[in-house]
Amino acid sequence: MFRAHSLFRNALTLPVMALSVAMLAGCQQDEADEAKTEAQADQRIRVAMLQPPRSGLNPLTDDAFKLSRWSTAETLVRLNKQGEPQPFLSTNWTQVDPNTWRFELRDNARFHDGTPLTAKQAVVALRKAINASPKPRILDGVSMQVEADGDNAVIVHTEDADPLVPNRLSSPQLAILAAKAYGDDGRVNPIEAGTGPFVLKEINGTQSARLDRFDGYWGDTAKLSGIDADYVPDGTARGAALRTGEADVVEAVPVSQVALIDQELVHEVPMPRTNTLYLNTESGPFTSPEMRAAAREALDRAAIVRTVYEGRADEAKGLLGPALDWADGLRTPIERPQAAAPDGAQITLGTFTDRAELPEVAVLLEQQLEAAGFEVQQEVRQYAHIESDMLAGKFDAFILSRATMLDSGDPVAYMYSDFACDGSFNIAQLCDPRVDAALERAADLTPGPERRQAIIEAEAAILATDAAVPMLHERVIQGEARRVRGAVRDPRERELINEHTRFVDNGSD
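Caption draft 1: Structural view of the overall build of the chain. A count of helices and strands for the chain gives 14 helices and 19 strands. Along the three orthogonal principal directions, the C-alpha set of the chain runs to about 120 × 55 × 45 Å. In the chain, which comprises 509 residues, the share counted as buried stands at 53%. Across the chain, the fraction of contacts at a sequence separation of at least 24, relative to all contacts at a separation of at least 6, is 70%. A total of about 22,400 Å² of accessible surface is found on the chain, and carbon and sulfur atoms cover 49% of it. Computed over 52 positive and 78 negative side-chain charges, the separation of the two mean positions in the chain equals 5 Å.

Caption draft 2: Molecular detail of the packing of aromatic side chains. Overall, the coordinates contain 10 aromatic pairs when judged by the stated rule. Aromatic side chains Tyr 217 and Trp 218 sit 4.9 Å apart centroid to centroid with 45° between the ring planes, which places their arrangement in the tilted category. Taken as a pair, Tyr 217 and Trp 218 share a single burial class, namely buried. Each ring, one from Phe 352 and one from Tyr 383, has its centre 4.9 Å from the other, and the planes form 80°; the classification is edge-to-face. Of this pair, Phe 352 sits in strand S14 (residues 346-352) while Tyr 383 sits in helix H11 (residues 383-391), and the two are 31 residues apart along the sequence. A relative accessible area of 2% places Phe 352 in the buried class. For Tyr 383, a relative accessible area of 3% gives the class buried. Grouped by ring-pair contacts, the aromatic residues Phe 352, Tyr 383, Phe 395 and Phe 398 constitute a single cluster.

Caption draft 3: Structural view of helix H5 (residues 235-244). Within H5, the full set of buried residues consists of Gly 235, Arg 238, Gly 239, Ala 241 and Leu 242. The buried side chains of H5 occupy one side of the element, clustering within an arc of 155° when seen end-on. In the core, the buried residues of H5 are packed alongside strand S1 (44-49), strand S11 (249-250), helix H6 (255-258), strand S12 (266-279) and strand S17 (468-480). Looking at the residues trailing H5, positive phi occurs at Gly 245, about 80°.

Caption draft 4: Focus on the packing of helix H13 (residues 433-444) against helix H14 (residues 449-465). Contact pair H13 / H14: the axes reach a minimum separation of 8 Å and the direction vectors enclose 165°. Classified by the angle between their axes, H13 and H14 sit roughly antiparallel to one another. Note that H13 runs across H14; the crossing there is left-handed. Counting all contacts with H13, which are made through Arg 434, Val 435, Ala 438, Leu 439, Ala 442 and Ala 443, the residues of H14 involved are Arg 451, Ala 454, Ile 455, Ala 458, Ala 461, Ile 462 and Thr 465. Each residue belonging to the contact of H13 with H14 can be placed in one class, and the counts come to 10 nonpolar, 1 polar and 2 charged.

Caption draft 5: Spotlight on the pattern of salt bridges. Under the counting rule described, the total for this entry stands at 38 salt bridges. Measuring nitrogen to oxygen at the nearest pair gives 2.6 Å for the salt bridge that ties Glu 192 to Lys 201. According to the relative accessible area criterion, Lys 201 is partly exposed, its value standing at 31%. Salt-bridge contacts for Arg 355 lead to Glu 474; the nearest nitrogen and oxygen are separated by 3.7 Å. Residue Arg 355 is located in the loop between S14 and helix H10 (357-372), and its partner Glu 474 is located in strand S17; the two are separated by 119 residues in the primary sequence. Salt bridges here are not isolated pairs; linked through shared partners, they connect Arg 44, Glu 202, Arg 210, Asp 212 and Asp 228.

Rules and cut-offs
Residues numbered from 1 in each chain as written. Predicted model: local features only at pLDDT ≥ 70, side-chain atom pairs only at ≥ 80, totals over all residues. Heavy atoms only, no water. Helix = DSSP H or I, 4+ residues; strand = E, 2+ residues; numbered from the N terminus. Buried < 20%, exposed > 50% of the residue type's maximum accessible area, 1.4 Å probe, protein only. Contact = heavy atoms within 4.5 Å. Areas by Shrake-Rupley, 256 points an atom, 1.4 Å probe, with all protein chains shown as cover. Lys, Arg positive; Asp, Glu negative; His and termini not counted. Charge placed at Lys NZ, Arg CZ, Asp CG, Glu CD. Phe/Tyr/Trp six-rings, centres within 6.5 Å; stacked < 30°, edge-to-face > 60°. Arc of directions from axis to C-beta. Axes fitted to C-alpha atoms, helices over the stretch in contact; angles between N-to-C directions. Parallel < 35°, antiparallel > 145°, perpendicular 65-115°, else oblique. Left-handed = near helix turned anticlockwise from the far one by under 90°. Nonpolar A, V, L, I, M, F, W, Y, C, P; charged D, E, K, R; others polar. Salt bridge = Lys/Arg side-chain N within 4 Å of Asp/Glu carboxyl O.

Below you can see the structure in the form of structure tokens.
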């Protein structure tokens, strides 16, 4: 009886035990899946961006640089650290004649919507940029036509011989997007339309954007599972986000915040970026060269670098700074007009809040100008709210932090955009035949010593007008959490997060 009862009891118990084991295993699997999900979520990097988009992330505008920094939109060509063109969506290129180039396309690239990269679609994308109004800065003064050459090559033809065609095609504003990106109404929507290692999934206006890893990328698969980008124009808030761990990578940490942050988290990057005072040559007191000279002589660069930038900047000797190590050695003295007495001339001085140091520069510069005899009224807004007035010449003077090699890796494009008669970013409203002639000479030369000399001569022609008074060259401070590896510290501000960016445990590799 006992044995039979025991067997009966065991017969009942075994299924219960098996069920318990199965339930336990199921719970453990659920916990493992949950842990895996949490681990995958933890591979999303949080980025605090300097400025919100100005045009809904339209790649034909300056918003293109965000798409580039997130590695979602790609161009035919990319630049190396020396500014030399390298293969990207184009694997190689040849110059057919002085006006014609042929670019062969990568045969394994696909857009984020699954459609293949073709010569036909590359031509569509480039034509959208060529015909845009306003056109991308990199195309200022350039008459360009493109056509497909078979299924996997693009022909680029320029009206005038242009040795910088490969450099121009590296501009993020000439990114190649899928057909779905280009609407009949002229709008460009980059969601799920690029070719990079991260696919743009969501645009939340001027608040944030979300990107996921693109497993169909033609190159190495991204190590991160995604990017969560928040726009944080307030510099103090960006510094706090790094300090408190709310962000993993922070753009442009203000100098004023550096002392409050663990120094191991901040990385100083020398920039080809010049903080410049632009003077309106078309209307107001600064139509007079002598009054522009008075503003130039009122400027105390050393005081600005010392007080506002706490020594983390370089006093400007010209438009081009120490990031171009050849520039200073080629310069010669420049003849400039004699300064007139301001005698209480009233001027409006504008700048923007997105770069935390600029309002402080404006305060100090106002003091310097008033000490010289000007009466100054300041106007400071967010960049998105002041750009149109700035370009329309509604200020007598404007302080701008300007990247001098942002588009092509060559300063001629920046100089043409800012100082040529038909330049699209001509804040000073300058139109000087001597400047245009100098820029044309530089633009016609192939990269090398002769072109560099012509660039410095063009710089001298610009500086002789006093339409632009360079004040200092910035060093951007990028913030990175301890666990971040491979965030790109790019002087040209084209790259930030790429397929190699990753997290490490305990801050070690």
